[in-house]
Amino acid sequence: MATSQKAALESIRYEKGKLEILDQLLLPSKTVYIPITNVEDGWRAINTMQIRGAPAIAILGMLSLSIELQSMDLSGYSTEQLCQWIVQKCDRLLTSRPTAVNLRNAREHLVNLISSFKGESVDELKNIVVQYAETLLKEDIVTNRLIGDHGADAILSITPGVQKVTVLTICNTGSLATAGYGTALGVVRSLHARGKLEMVYFLETRPYNQGSRLTAFELLHDEIPATLICDSMAAWLMKSRHVDAIVVGADNVALNGDLANKVGTYALAVLAHYHNVPFFGAVPTTTINPAISNGSAIIIEERAPDELTVFQGIRTAPVGVHVWNPAFDITPHHLISGIITELGSFQPEKMGDALAIASGKQPL
Ligand SMILES: CSC[C@@H](O)[C@@H](O)C(=O)COP(=O)(O)O
């Protein structure tokens, strides 16, 4: 199949003084970019899932802070006051969605940067924030390409002699969930670019349908051989057809490799174990949570019942039905064959090692 020459999908468009996001609530029927002018716009876009995906949430959060700062008159602020304002805005952003750790890690990083600021000018302080947010955006694509290549290597190394592999994924972990290319979907893209992908099956991903709405949109856009199945078909797919590997993204990875991802991921891992299919996580090191030793400490977001009872304005369940809508679940590390990062593939228990190597990188 010919490689697409189309422009890459962009979930976040940024230039100095201007920030827009692709409204993912309207996909796949409408492609509409909406302006983000301040932290409140960013908070709302993340909370309502106009933008989603752990890396994209962090990047948009930081860029919304940066764009607000760029438009502010800072003449009345001392550097201490501006520091306080930045921390307050970061803390506000953290209340938008609770599970993805990338935004929290970005907040920690930024607070460390501004706490060690010794200068006297508020403009210099502002520039630290602007530069940090811009670097996050730029670095994410580089990181994703590395994840894609390491992931393709890992999958091909366990399938010697297989001409083209078939993989399965869940949710949307592609350009729409990141600054571009994607994590688990980056692995798929990398396999495809090497001519090594037979087929990617992807789950519809109820209830928000990130798979059928967003991943389908991306895979069609890039002309990647892909087949949509609904979530309850995964077991039968593994039993009746062949799957070489499963690759998923994550929102929060504990130091022991327990991994929080879109609800349904745990079920996939259990099924993979039963059917002897290798199961990989694909994450930037910014998705590793240095503060928790295992997944039991990860907060699982519960979303509104109408995500289950109403689909695009049409009621699909009776009014009054009781609903439980956890947006994520936790896959225990013993079900995971490897966690692929921009630094390479790690045993799940070695997430601390990945972080130690990452912290030896040049600081942003
Ligand atoms: C590269 S995105 C990784 C995860 O954020 C993704 O798999 C996921 O679960 C997203 O959930 P969402 O609720 O759509 O934000």
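Residues numbered from 1 in each chain as written. Predicted model: local features only at pLDDT ≥ 70, side-chain atom pairs only at ≥ 80, totals over all residues.

With an unreviewed UniProt entry as reference, the protein chain is termed Methylthioribose-1-phosphate isomerase, source organism Plectus sambesii. Comment text from UniProt for the protein chain, heading Sequence similarities (unreviewed entry), reads "Belongs to the eIF-2B alpha/beta/delta subunits family. MtnA subfamily." Entered under Catalytic activity (unreviewed entry) in the UniProt record, the comment concerning the protein chain runs "5-(methylsulfanyl)-alpha-D-ribose 1-phosphate = 5-(methylsulfanyl)-D-ribulose 1-phosphate". (UniProt positions renumbered as here; feature names shortened; annotations may be inferred.)

The next subject is the packing of helix 2 (residues 54-70) against helix 5 (residues 122-157). Where helix 2 contacts helix 5, the two axes come as close as 9 Å, and the packing angle between them is 150 degrees. Overall, the two elements helix 2 and helix 5 adopt an arrangement that is roughly antiparallel. The handedness of the crossing between helix 2 and helix 5 comes out as left-handed. Along the contact surface, helix 2 presents P55, A58, I59, M62, L63, L65, S66, L69 and Q70, while helix 5 presents K126, V129, V130, Y132, A133, L136, L137 and D140. For the contact of helix 2 with helix 5, the per-class residue count stands at 13 nonpolar, two polar and two charged. (Axes fitted to C-alpha atoms, helices over the stretch in contact; angles between N-to-C directions. Helix = DSSP H or I, 4+ residues; strand = E, 2+ residues; numbered from the N terminus. Parallel < 35°, antiparallel > 145°, perpendicular 65-115°, else oblique. Left-handed = near helix turned anticlockwise from the far one by under 90°. Contact = placed C-beta atoms within 7 Å. Nonpolar A, V, L, I, M, F, W, Y, C, P; charged D, E, K, R; others polar.)

Quick look at the sheet that holds strand 2 (residues 18-22) now. An order of 1-2-3 is seen for the three strands of this open sheet, with the pairing classed as antiparallel. In the strand order of this sheet, the two ends are held by strand 1 (12-15) and strand 3 (33-35), each with one partner. Between one strand axis and the next, the sheet turns through 25 degrees on average, direction left out of account. Examined bridge by bridge, strand 2 and strand 3 share three bridges and lie antiparallel to one another. Its bridge partner lying in strand 3, L22 is registered against Y33. (Pairing = 2+ DSSP bridges.)

Attention shifts here to the site of the ligand. As a matter of local geometry, the ligand sits amid 17 residues, with R52, A54, A177, G249 and K262 nearest to it. Of all the secondary-structure elements, those providing two or more residues to the shell around the ligand are helix 2 and strand 9 (259-262). When its residues are assigned to classes, the shell around the ligand shows seven nonpolar, seven polar and three charged. Three or more residues apiece are contributed to the shell around the ligand by two domains, here domain 1 (12-138) and domain 2 (147-359). (Near = placed C-beta within 6 Å. Domains from an automatic or database assignment.)

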